[in-house]
Amino acid sequence: QVQLVESGGGLVQAGGSLRLSCAASGRTFSDYAMGWFRQAPGKEREFVAAIRRSGDVTSYADSVKGRFAISRDNAKNTVYLQMNTLKPEDTAVYYCAADTLYSKVAYVGRTLDAWGQGTLVTVSS
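Report on the accompanying structure. (Residues numbered from 1 in each chain as written. Predicted model: local features only at pLDDT ≥ 70, side-chain atom pairs only at ≥ 80, totals over all residues. Heavy atoms only, no water.)

**Observations regarding the packing of aromatic side chains**
The way to describe two aromatic rings as a pair is by their centre distance and the angle between their planes. Counted according to the given criterion, the structure contains three aromatic pairs. A ring pair is formed by Phe 37 and Phe 47, whose centres lie 5.7 Å apart and whose planes are at 70°; its orientation type is edge-to-face. Within this pair, whereas Phe 37 is found in strand 4 (residues 33–39), its partner Phe 47 is found in strand 5 (residues 46–51), the two being separated by ten residues in sequence. A residue is classified by how much of its surface remains accessible, and Phe 37, at 3% relative accessible area, is buried. Among the aromatic side chains, those forming a connected cluster through ring pairs are Phe 37, Phe 47 and Trp 115. Sitting over the ring of Phe 29, Arg 72 keeps its end group 4.3 Å from the ring centre. (Phe/Tyr/Trp six-rings, centres within 6.5 Å; stacked < 30°, edge-to-face > 60°. Helix = DSSP H or I, 4+ residues; strand = E, 2+ residues; numbered from the N terminus. Buried < 20%, exposed > 50% of the residue type's maximum accessible area, 1.4 Å probe, protein only. Lys NZ or Arg CZ within 6 Å of the ring centre and 35° of its normal.)

Spelled out as C-alpha cells, the structure:
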C-alpha cells in the first residue's frame, strides 16, 4: 500500500498563496489517482481536487475552481495543490488521498486506498 505525507501548510493572509505537497512511498506512484480533500472545524471532510494517474485529467470542487490547481510529478512521487487567492473559508486541514480508481477519488471520496495525516492551512482575514 502507498504511504502519503503532506507538507506546505501554514498561516497566510487572505488573497495569498500556498503550495501543498504530498509525497508518496511504498508502491508505484503512477498506479494511483490522487486527490486533495479538506476538513474545516466542525464540518465534514469535503473533496477539493483530483488528478488521474497520468495527470491528463483533473477535477475540482466548485468552491476552488479557478483558484486552486492540482498537479503531479510521477518522477518525484509527489502531488501538489497550488492554492491562490485564498479566502478565510479555505481554512481547514488538507489531506491527500490515493486510489487506483480515479472515479473513487473524484466522485466518491470514501474507502480510498490511502490517506495522509493532513496539513493545516489557516487563512486570516
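Picking up after the structure, the text goes on.
**Details of the pattern of salt bridges**
In this structure the tally under the stated criterion is six salt bridges. Here Arg 38 ties to Asp 90 by a salt bridge, and the two come within 2.9 Å at their closest N and O atoms. A residue pair is termed long-range when its members are at least 10 positions apart, and Arg 38 in strand 4 and Asp 90 in the loop between strand 8 (78–83) and strand 9 (92–99) qualify at 52 residues. Side by side, Arg 38 and Asp 90 carry an identical accessibility label, which is buried. With its nearest N and O atoms 2.9 Å apart, the salt bridge here joins Asp 56 to Arg 52. (Salt bridge = Lys/Arg side-chain N within 4 Å of Asp/Glu carboxyl O.)

Purely geometric numbers; function is a separate question.
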